[in-house]
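Fold and contact review
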Amino acid sequence: MAVDVEVLQALIDEKLTPLVKKIDEEAYYAEDFLVALGRAGFFHSSQKDEHKILLDELTIVQETAKVCMTTAFCLWCHLAALTYIRKTKNKQLRAEILPLLESGELLGATGLSNPMKFYADLEKLHLSAERVNGGYLVNGILPAVSNLADNHWFGAVAYNGEKEVMLFVNTDNPQITLKEKIHFLGVNGSATYTCKFDNVFVTDDYVVAQDASGFVDMIRPTFVLYQIPLGFGVIESSIIGIEKVKAKQNGCNEYLQIQADELAQKLQQLEDSLETLVQSDETDLQAICQLRLQTVYATLAAVQANMLHNGSAGYIVGSAPSRKLREAYFFANLTPTVRQLEKMTKVLKVAE
Ligand SMILES: Cc1cc2nc3c(=O)[nH]c(=O)nc-3n(C[C@H](O)[C@H](O)[C@H](O)COP(=O)(O)OP(=O)(O)OC[C@H]3O[C@@H](n4cnc5c(N)ncnc54)[C@H](O)[C@@H]3O)c2cc1C
């Protein structure tokens, strides 16, 4: 059975739509919505194959992003954390945490932007891990980790002097200092914090992978795939925004260069490509990054068109088109950022 779209829509209508302005303007974190998704069973993976899990969860991200990309991004953070725990070889960690993440009892996040950039040869690794009896002592700073609050878990990668290890840490650890970041143009409701690690002891029970490099290679396609519907949701809602103001100034909008039907065609094409990628058994990172990159540009085009069709009403602080515009620029700057994607798609292509 596909995702129960009616139940999903009811949850969105009840727990997300009324809060969208607060999320955007007051940095409100829609944690209850994420918990409610979990309680309603939207994260359960048992009795589903991998394609089905992916397709269902991609739908949930898209439907959420249609209303609020900030919260859909938080949802993506949770799904990234879920992916780490679903794929870890650490059976004990999986047995302990997975049921709680899938039922929404616990929420998860990801500090993997820096390692993703590290593996793409863009920057140094920010965290170090010293081997001690029974685990690691972790030090360093992650500049931004989203979807965090009390008792939230997140994945992080640290260098142990020989190689990188991937760990799962909890925000309640007193050696981790969180500093809230709410000075962004948009997505301030994403519960984003700087995370300072000061001799954080992580026992072996919470090691996601002793070989983070190989593990990141394995999860990277899913990590990027889950981001794509963030853009789809924004494009879809921009199309609706354009349709809404069709009759403005005696239909003058029809002279604008980009129209809703063109955006809808593009969206359909991107959605078909995503479905084909998910259904194919190969994990073709090159194709996934291409699609993610195309989605960034299509999303930016859609939010810009929505602004133009809405005229000065869209230029008012807090208007829906302006919110979507600001959210879309974050989508372009979420790791892998648009410039990293440009590099990855070109370098991977050359390497083939
Ligand atoms: C709202 C928001 C939420 C984010 N959430 C997450 C998340 O959940 N998990 C995650 O891993 N990453 C997160 N990031 C990071 C994001 O994925 C990108 O890596 C980030 O936007 C930087 O992209 P860039 O390539 O433009 O790097 P640049 O802006 O050029 O930055 C390069 C590097 O400089 C450092 N840096 C950048 N800004 C700061 C700063 N303010 N203070 C200290 N160092 C800094 C970081 O090492 C960064 O990767 C978030 C970023 C933002 C803006």
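Residues numbered from 1 in each chain as written. Predicted model: local features only at pLDDT ≥ 70, side-chain atom pairs only at ≥ 80, totals over all residues.

Let's talk about the overall build of the chain
The helix and strand tally for the chain stands at 14 helices and eight strands. Its C-alpha radius of gyration of 20 Å places the chain within 12% of the 20 Å reference for a compact globule of 352 residues. (Helix = DSSP H or I, 4+ residues; strand = E, 2+ residues; numbered from the N terminus. Rg over C-alpha atoms; globule rule 2.2 N^0.38 Å.)

Things to note about the site of the ligand
Near the ligand, the surroundings consist of 22 residues, among which Ser113, Pro143, Ala144, Ser146 and Thr335 are the closest. Looking at the shell around the ligand, the elements that each hand over two or more residues are strand E1 (107–110), helix H7 (113–119), strand E3 (135–145) and helix H13 (320–333). Of the residues in the shell around the ligand, the class split is 10 nonpolar, 10 polar and two charged. Counting contributing residues per domain, the shell around the ligand is built from domain 2 (109–212) and domain 3 (227–351), each supplying no fewer than three. (Near = placed C-beta within 6 Å. Nonpolar A, V, L, I, M, F, W, Y, C, P; charged D, E, K, R; others polar. Domains from an automatic or database assignment.)

As for the domain arrangement of the chain
By the assigned domains, the chain splits into domain 1 (5–107), domain 2 (109–212) and domain 3 (227–351). Contacts between domain 1 and domain 3 engage 18 residues on the former and 15 residues on the latter. Element by element, the count of residues in the side of domain 1 that touches domain 3 is highest for helix H4 (residues 50–67), at 10 residues. (Contact = placed C-beta atoms within 7 Å.)

Quick word on the pairing of strand E5 (residues 164–170)
Along any regular strand the residues' side chains alternate between the sheet's two faces. A large share of E5 lies buried, amounting to six of its seven residues. Across seven bridges, strand E4 (residues 152–159) lies against E5 in antiparallel orientation. The residue of E5 that forms the bridge with Val157 is Met166. Where E4 folds back on E5, the antiparallel hairpin that results is connected by four residues, among which Gly161 adopts a positive phi of roughly 100°. Across two bridges, E5 lies against strand E8 (residues 207–209) in antiparallel orientation. Paired with Met166 across the strands is Ala209, a residue of E8. (Buried ≥ 20, exposed ≤ 12 C-beta atoms within 10 Å, placed from the backbone. Pairing = 2+ DSSP bridges.)

Observations regarding helix H11 (residues 260–279)
Between its terminal C-alpha atoms H11 stretches 28 Å, which fits the 28 Å expected from 20 residues at 1.5 Å a residue. For H11, the complete set of buried residues consists of Ala260, Leu263, Leu267, Leu270 and Leu274. On an axial view of H11, the arc spanned by its buried residues comes to 90°, and they lie on one face. In H11, the exposed residues that point more than 90 degrees away from the buried face are Asp261, Gln265, Gln268, Gln269, Asp272, Thr276 and Gln279. For H11, the elements touching its buried residues are H4, helix H9 (228–244) and helix H12 (285–310). (Expected span 1.5 Å × (residues − 1). Arc of directions from axis to C-beta.)

Considerations on the nonpolar core
Counting residues in each nonpolar core, the largest one holds 100 residues, and the members touching the most others are Trp76, Ala81, Leu167 and Val169. Here this core gets 13 residues from one element, more than from any other, and that element is helix H5 (residues 69–87). Excluding its chain neighbours within four sequence positions, the residues that come into contact with Ala81 are Leu101, Gly108, Ala109, Thr110, Trp153, Phe154 and Gly155. (Core = buried A, V, L, I, M, F, W, Y, C linked by C-beta atoms within 7 Å.)

Considering the packing of H5 against H9
Interaxial distance between H5 and H9 falls to 10 Å at its minimum, and their mutual angle equals 165°. Here H9 runs roughly antiparallel to H5, going by the angle between their axes. Where H5 crosses over H9, the handedness of that crossing is right-handed. Counted together, Met69, Ala72, Phe73 and Trp76 of H5 and Leu230, Gly233 and Val234 of H9 form the full contact between these two elements. When the residues that make up the contact of H5 with H9 are grouped by side-chain class, the tally is six nonpolar, one polar and no charged. (Axes fitted to C-alpha atoms, helices over the stretch in contact; angles between N-to-C directions. Parallel < 35°, antiparallel > 145°, perpendicular 65-115°, else oblique. Left-handed = near helix turned anticlockwise from the far one by under 90°.)

With respect to H4
The end-to-end C-alpha separation of H4 is 26 Å, in line with the 26 Å expected for 18 residues at 1.5 Å each. Burial in H4 covers these residues: Ile53, Leu54, Glu57, Leu58, Ile60, Val61, Gln62, Glu63, Thr64, Ala65, Lys66 and Val67.

A few points about the packing of H12 against H13
At a closest axis distance of 9 Å, the pairing of H12 and H13 adopts a crossing angle of 165°. With respect to each other, H12 and H13 are oriented roughly antiparallel. In this structure, H12 crosses over H13, and the sense of that crossing is left-handed. Across from Val296, Thr299, Leu300, Val303, Asn306, Met307 and Asn310 in H12, the residues of H13 making contact are Pro321, Lys324, Leu325, Ala328, Phe331 and Ala332. Residues belonging to the contact of H12 with H13 are distributed by class as follows: nine nonpolar, three polar and one charged.

Some details on the environment of Gly161
Structurally, Gly161 can be placed in the loop between E4 and E5. The spatial distance from the C-alpha of Gly161 to the C-alpha of Ser128 is 7.8 Å, given a sequence separation of 33 residues.

Describing the environment of Leu11
The topology assignment puts Leu11 in helix H1 (residues 5–15). Residue Leu11 is classed as buried on the basis of its 21 C-beta neighbours within 10 Å. Between the C-alpha atoms of Leu11 and Glu50, which are 39 residues apart in sequence, the distance is 25 Å. Non-local contacts of Leu11, meaning those with residues more than four positions away in its chain, are made with Phe33, Ala36, Leu37 and Ala40.

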